[in-house]
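Structural overview for review
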Amino acid sequence: MPNIRPVSGAPQAIATTALRAQQARMRIIAENMANANSVARQAGGDPYRRQVPVFEPMKTDAGQGVRMSKVAPDPKDFRSVYDPGHPSADGKGYVKLPNVDPLIEALDMKEAQRAYEANLNVIETARAMEMRTLDMLKK
């Protein structure tokens, strides 16, 4: 992903905050996907817990933007499978699996990518409008 730097103008500055937030969201989703099949290291322990980005509005010089304020653990229960021979199985023979659903993560990733692209289009359109305005003023 490109290095996102602040740009001039209100629409660009606001869209830049959204780009950063979506970029952070995609990192969290990628981490979830990478750990979707991990298990606990010790018998009966908890596996990886899905992480969820939390966004909040933020003030910028140009107006209202958005940022990822924190990453919260998903409270949803872990999945369990019966596999008494597995090293991570508890006393009853069940292995806890992460509460990550790869399909949900794939859909979230697609949504984050679309939001990222939409905000990138805002920046590109605003820049094009500024350039067109400058060209008109030169005449």
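What comes next is a walk through the structure.

About the criteria used
Residues numbered from 1 in each chain as written. Predicted model: local features only at pLDDT ≥ 70, side-chain atom pairs only at ≥ 80, totals over all residues. Heavy atoms only, no water. Salt bridge = Lys/Arg side-chain N within 4 Å of Asp/Glu carboxyl O. Helix = DSSP H or I, 4+ residues; strand = E, 2+ residues; numbered from the N terminus. Buried < 20%, exposed > 50% of the residue type's maximum accessible area, 1.4 Å probe, protein only.

A word on the pattern of salt bridges
Pairs can form between side chains of opposite charge once their charged atoms are near each other. Under the counting rule described, the total for this entry stands at 6 salt bridges. Across the pair Lys-96 and Asp-46 runs a salt bridge whose closest N-O atoms are separated by 2.7 Å. Note that Lys-96 is positioned in strand 4 (residues 94–97) and Asp-46 in the loop between helix 1 (10–34) and strand 1 (51–60), a separation of 50 residues in sequence. Residue class for Lys-96 comes out partly exposed when judged on its relative accessible area of 30%. Put simply, Glu-105 and Arg-50 hold a salt bridge, and the shortest N to O gap is 2.4 Å. Pair noted here: Glu-105 is in helix 2 (residues 102–138) and Arg-50 is in the loop between helix 1 and strand 1, with a separation of 55 residues, a long-range link. Per residue, the accessibility class of Glu-105 equals that of Arg-50, and both read buried. Connected via shared salt-bridge partners are Arg-50, Asp-74, Glu-105 and Asp-108.

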